[in-house]
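Notes for the structure review
Letter by letter, the chains look like this.
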Amino acid sequence: MAKINASEQTTHNMQPAWVRYIFSYPKTVIAVVILCIIGMTIGAKNLYFRGDYKVFFEQDNPQRVAYENMQRIFTKNETVSIIIYKNGESLFNKQSLTLIKGLTEDSWQIPLSTRVDSITNFQHTYALDDDLIVEDLLLQLDDLDDERVDTISRVSVAEPDMLNKLISPNGDITMINVTVQLPDGDQTKEITEIGKYVRDMIAPYQAEYPEHDIRLSGIVIMTDAMFLAAIKDAATLFPIMFLIISVLLAVLMRSVYATVATLIIVSVCVSATLGIGGWLGMFMNIATANVPVIIMTLAIADSVHLVSGFRVNMMRGLNKIEALQKSIALNTKPIMITSVTTAIGFLTLNFAKVPILSDLGNLVAIGVTLACITSLVLLPAMLIIMPVSYQIDQDEIEAYSDSDKAKASNWEKLSDWVFKWYRVLLIACFALMGISAYLASQNQLNDIAIEYFNKGNDFRQDADFQQDKLSGLSTIDFAIYTDEENAITTPEFLQSIEAFTLWLEEQEEVDHVLSFSNTMKRLNMNLNADDKSFYRLPERADVAAQYLLLYEMSLPYGLDINNQIDINKSAVRVMVTLKNLGSEDFTGFEQRAKNWMNERAPEYRIDAASLPLIFAHIGKANMQGMMTGAVIALVLISALLFVALKDIKLGFISLVPNLMPALIGFGMWALISGKISMALSVVMTMTLGIIVDDTVHFLSKYKAGMDQGLSARKSVQFAYENVGKALLITTVVLCAGFTVLALSDFAINSDMGTLTAIIIAAALIVDLLLLPALLVSTNKEKNA
């Protein structure tokens, strides 16, 4: 049992029972808490990582359901794309075609591959007497003479199915498109296996053909890039953050023992949170991979306030026990309030339409709760038994005992300055709020899948290269249903599909259209002695059906037409490649296309689906959900502050500094980017609980001063001196933590980290300038 002298005993007896127990039995408290932490942490063995696209969407998401239904009706079209480029030179030469042919043949060995499309294995059709010949455009390398090269060049740039998809108009860039059959459920293992296999496959070709540039793209590669980015973040950002906060705490706290104690709190909170996640059956993903960094950042705040108060009290001449008791008495309530408000902010991520963001919110809320408990229980117990000490600062004692002395503290000087200029500050701050609100309204919700990665990311560079040189990565598939078997060869249906195809090709967003109508026009020409005047749709259903049957029987395994028609010949899929559009443009294009088809062919059903389309829709739905969450969070947090502060006026005053930082942050973001992605839509809700911390701590100290009979001016000064340094330390650490996220290759993480850091920094400025100005301007005693 810790020894407490007679002077300390009076203060000790005034503490709540749980605090008295900590001071009486610190070693027992430490042992019990550590055992509980170990029990929680063991659950981490159940954690595993998922990196497939399905983690972004709820199972009943309508766009996901439509996408998976289309995948079942037609063949799956999740792809790996291999892009080949040769410094702007034509690829129609023996060397380049040999490379393309080799990569095409090897691509059939990619795990789970079901189809490989390239210019060399394109099923070229032509007439030979009365026969239809269907064969690879480059069947054997032995056939590759100048005449064959010319044929490949002529056919490739003239064939609609290849132009702007598998080959550029001037023939300087080509793409090998590999379709894979991913399993249902967790696809992480298969996606990472495919990604590694493809990278290993192209490496020898890149070495053998150094003058060619070989790049990777496609939905499967994008998903693998997400996984790799998350793994990289987990392996690099957490250690970087731990090093940064260790250095910051050592410098700012000026005590090795206090720093070690705080780092222990941070470590146990992270490990216990991950363990609880494991016990609850959660899995790690690209969002929850950031949980350790976020919890580490937030957990420090509680400890810093307690240790900072402890340090100030010791420097004012109190012994260790008295200093710690006073710090606990002054900080317990605000630490509890801020922990609850932060947890509320993260729990409202459950309104997000993206499950992994809900998991992120729930895990961080658990971590924040643990940080509150361990900071108020485990941290004091460790400080009691550790030989923590701070030198008495005579100037601090004098400034504290008589603030009118000539040598005023920096915080007193700041309070005097705020009191002198509070009217100017109010006008300036509210003008800034108005400007920020206007700028914030100029942000646009704009999710572009490839922009989930920063420009330095390898996949992002390859995807941008593909967009610039050939076509976009975004795709959208339209399924048109007749609801009648063998109806796709009727002239009426074929004419409707052709009209729809022509309309699609005229749209500025479209790079390429793969359509069944083009195939039927080519077959009609081939089976009429390749007479170009017959490049039109067959006029009779029975003739079209015969053409289709003959074509299907001639196609090799793996290169059939089932990617465009269903097994019952009752529906076709028109596959459209788009430029890399933002979510609003993408969903707008989808609706325009549906409207066009419904107006001109209402007798047929049309549906649209693709993985990029799901992402385009989820951004808008997520924003709507988070707006609801933000309103609920604001109401709950405001109600909590009204109750906790027991002062209606202070409760209303607190609303201004709680809302203004987000306005400033989003206003600045309009100047930085102007695009609100799926991840940034959660920042306002997430940060609301964090920025309230500064307000709560400042107001609680201000109210403590008022309760002691001080004037508004002296109460503001009291708040500055008792919490100012702690606010500075926590803000520096919080900004450092979220700035570390900004180092991520994954733009979802880096943008979220950058904007959150901006908002937290703005919150400090608002709470140190605007909040005191509001307090002195609304108090009758401001001139006392």
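Residues numbered from 1 in each chain as written. Predicted model: local features only at pLDDT ≥ 70, side-chain atom pairs only at ≥ 80, totals over all residues. Heavy atoms only, no water.

**A closer look at the overall build of the chain**
Our working rule: Helix and strand assignments follow DSSP, with helices taken as H or I runs no shorter than four residues and strands as E runs no shorter than two, numbered in order from the N terminus. Contacts are assigned to residue pairs with any non-hydrogen atoms lying within 4.5 Å of each other. His is not counted, nor are the chain ends; Lys and Arg add positive charge and Asp and Glu add negative charge. To locate a charge, take NZ of a lysine, CZ of an arginine, CG of an aspartate or CD of a glutamate.
On a plain count of helices and strands, the chain comes out with 26 helices and 12 strands. By sequence separation, contacts in the chain at least 24 residues apart represent 79% of the contacts at least 6 residues apart. Distance between charge centroids for the chain: 14 Å, based on 59 positive and 84 negative side chains.

**Notes on the side chain of Glu-509**
Keep this limit in mind: Here a polar contact is taken to be a pair of N or O atoms separated by no more than 3.5 Å, where protein atoms must pair a possible hydrogen donor with a possible acceptor and residues adjacent in sequence count only if both atoms sit in side chains.
The residue Glu-509 is located in the loop between helix 18 (491-506) and strand 9 (510-514) in this model. Among the polar contacts made by the side chain of Glu-509, one reaches the side chain of Arg-592 at a distance of 3.1 Å. What Glu-509 contacts, discounting residues up to four positions off in sequence, is Thr-577, Leu-578, Lys-579, Leu-581, Phe-589 and Arg-592.

**Things to note about the sheet that holds strand 9**
Definition in use: Strands are labelled as partners when DSSP assigns at least two bridges between them. Orientation is described by lines fitted to C-alpha atoms, with helices fitted over the stretch in contact, and by angles between N-to-C directions that extend from 0 to 180 degrees.
If you trace the four strands from one edge of the open sheet to the other, you get 9-10-8-11, paired in antiparallel fashion. Strands with a single pairing partner mark the edges of an open sheet, and in this sheet they are strand 9 and strand 11 (605-609). Sheet twist, expressed as the average angle between the axes of neighbouring strands with direction ignored, equals 20 degrees. Note that strand 9 and strand 10 (residues 571-578) share four bridges and pair antiparallel. Counted as the bridge partner of Val-510 is Leu-578 from strand 10. Contacting strand 8 (474-481), strand 10 and strand 11, helix 4 (residues 62-73) crosses the sheet at an angle of about 110 degrees to strand 11.

**Some thoughts on the packing of aromatic side chains**
What counts, and what does not: Working definition: rings of Phe, Tyr and Trp (its six-membered ring) pair if their centres are within 6.5 Å, and the pair is stacked with planes under 30 degrees apart, edge-to-face with planes over 60 apart, and tilted otherwise. Per-residue accessibility, obtained with a 1.4 Å probe over protein chains only, is compared with the maximum for each type, and a residue is labelled buried under 20%, exposed over 50%, and partly exposed between these values.
According to the stated counting rule, one finds 23 aromatic pairs in the structure shown. Judged by centre distance (5.2 Å) and plane angle (75 degrees), the ring pair of Phe-49 and Phe-227 falls under edge-to-face. In this pair, Phe-49 is assigned in the loop between helix 3 (26-41) and helix 4 and Phe-227 in helix 8 (residues 219-253), connecting sequence segments 178 residues apart. Taken together, a centroid distance of 6.0 Å and an interplanar angle of 85 degrees make the contact between Tyr-53 and Tyr-67 edge-to-face. Of this pair, Tyr-53 sits in the loop between helix 3 and helix 4 while Tyr-67 sits in helix 4, and the two are 14 residues apart along the sequence. Here Tyr-53 and Tyr-67 have matching classes, each one buried. Through successive ring pairs, a cluster of aromatic residues spans Tyr-53, Phe-56, Phe-57, Tyr-67, Tyr-452 and Phe-615.

**Some details on a nonpolar patch on the surface**
The following threshold applies: To count toward a patch, a residue needs a relative accessible area above 30% and no salt bridge. Like charges then connect within 9 Å, nonpolar side chains (Val, Leu, Ile, Met, Phe, Trp, Tyr) within 5 Å. Residue burial considers only the protein chains on display, and all accessible areas are found by Shrake-Rupley using a 1.4 Å probe. Salt bridge, as applied in this entry: a Lys or Arg side-chain nitrogen positioned within 4 Å of an Asp or Glu carboxyl oxygen.
There is a patch of nonpolar side chains on the surface, built from Ile-34, Leu-35, Ile-38, Ile-42 and Trp-279 and spanning about 490 Å² of accessible area. The element contributing the most residues to the nonpolar patch is helix 3, with three residues. Considering the arrangement of structural elements, one finds Ile-34 in helix 3. For Ile-34, a relative accessible area of 31% puts it in the partly exposed group.

**Describing the environment of Gly-317**
Position of Gly-317 among the secondary structure elements: in the loop between helix 10 (291-315) and helix 11 (320-347). You can call Gly-317 partly exposed: its relative accessible area is 39%. Taking C-alpha positions, Gly-317 is 33 Å from Val-340, a pair spaced 23 residues apart along the chain.

**Here's the deal with helix 13 (residues 378-385)**
A large share of helix 13 lies buried, amounting to seven of its eight residues. All of the buried residues in helix 13 are Leu-378, Leu-379, Pro-380, Ala-381, Met-382, Leu-383 and Ile-384. The elements touched by buried residues of helix 13 are helix 2 (17-24), helix 3, helix 9 (256-279), helix 10, helix 11 and helix 12 (355-376).

**Let's talk about the nonpolar core**
Quick note on the threshold: Side-chain atoms within 4.5 Å are what join buried Ala, Val, Leu, Ile, Met, Phe, Trp, Tyr and Cys residues into a set we call a nonpolar core.
Within the largest apolar cluster, 173 residues are counted, with the highest numbers of intra-cluster contacts made by Phe-56, Leu-103, Met-226, Phe-346, Tyr-390, Phe-459 and Phe-738. Of all the elements, helix 8 adds the most residues to this core, at 15 residues. Apart from the residues within four sequence positions on either side, Met-226 is in contact with Phe-56, Ile-286, Tyr-452, Phe-453, Phe-615 and Phe-746. Listed in part, the 42 residues of the second largest apolar core include Ile-488, Phe-493, Phe-516 and Val-574.

**A closer look at the sheet that holds strand 6 (residues 213-217)**
Strand order across the open sheet formed by four strands is 2-5-1-6, with antiparallel pairing between neighbours. At either end of the open sheet lies a strand with only one pairing partner, and these are strand 2 (113-117) and strand 6. Pairwise comparison of adjacent strand axes, ignoring direction, gives a mean angle of 20 degrees for this sheet. Bridge count between strand 1 (residues 78-85) and strand 5 (residues 173-180): eight bridges; the pairing is antiparallel.

**A word on helix 25 (residues 712-741)**
Selection rule: In this analysis the local bend is the angle between axes fitted, respectively, to the seven residues ending at and the seven residues starting at the residue.
Where helix 25 bends most, the angle comes to about 50 degrees, and this point is Val-723. Summarising burial for helix 25: 24 of the 30 residues are buried, a large majority.

**Things to note about the pattern of salt bridges**
Taken as a whole, this structure holds 27 salt bridges when the rule is applied. When the shortest N-O distance is used, the salt bridge between Asp-200 and Lys-196 registers 2.9 Å. Highlighted residues: Asp-200 and Lys-196, both in helix 7 (residues 188-208), separated by four residues, approximately one helical turn. Measuring nitrogen to oxygen at the nearest pair gives 3.0 Å for the salt bridge that ties Arg-460 to Asp-464. Of the two residues, Arg-460 and Asp-464 are both situated in helix 17 (residues 458-469); the distance of four residues between them amounts to about one turn of the helix. Accessibility expressed as a relative area gives 24% for Asp-464, which makes it partly exposed. Within this structure, Lys-54, Arg-64 and Glu-68 form a network of salt bridges that share partners.

**A short note on the packing of helix 16 (residues 422-441) against helix 23 (residues 648-672)**
Counted only if it meets this: Orientation is classified from the angle alone, with under 35 degrees giving roughly parallel, over 145 giving roughly antiparallel, 65 to 115 giving roughly perpendicular, and any other angle giving oblique. Throughout, a crossing is termed right-handed when the near helix is turned clockwise from the far one, and left-handed when it is turned anticlockwise from it by less than a right angle.
One way to put it is that helix 16 packs onto helix 23 with a least axis distance of 7 Å and a crossing angle of 50 degrees. The orientation of helix 16 with respect to helix 23, classified from their angle, is oblique. When you trace helix 16 past helix 23, the crossing you get is left-handed. Across the interface between the two elements, Cys-429, Phe-430, Leu-432, Met-433, Ser-436, Ala-437, Leu-439 and Ala-440 from helix 16 touch Val-656, Met-660, Leu-663, Ile-664, Phe-666, Gly-667, Ala-670 and Leu-671 from helix 23.

**A short note on the environment of Phe-516**
With respect to the helices, strands and loops of the structure, Phe-516 is situated in helix 19 (residues 516-526). C-alpha separation for the pair Phe-516 and Ser-777, spaced 261 residues apart in sequence, amounts to 73 Å. Apart from the residues lying within four places of it in its own chain, the contact partners of Phe-516 are Ile-488, Leu-494, Leu-548, Ile-561, Gln-564, Ile-565 and Val-572.

**Brief notes about the pairing of strand 3 (residues 123-128)**
Sheet analysis places strand 3 next to strand 4 (residues 131-136), joined by six bridges and oriented antiparallel. Residue pairing for strand 4: Gln-123 is matched across the bridge by Asp-136.

**Description of unusual backbone geometry**
At Asn-87, a position not held by glycine, the phi torsion is positive, near 50 degrees. Structurally, Asn-87 is set in the loop between strand 1 and helix 5 (94-107). Owing to a relative accessible area of 62%, Asn-87 belongs among the exposed residues under this scheme. A positive phi angle is found at Asp-483, which is not glycine, with a value near 60 degrees. Examined against the element boundaries, Asp-483 turns out to sit in the loop between strand 8 and helix 18. By relative accessible area, which is 54% here, Asp-483 ends up exposed.

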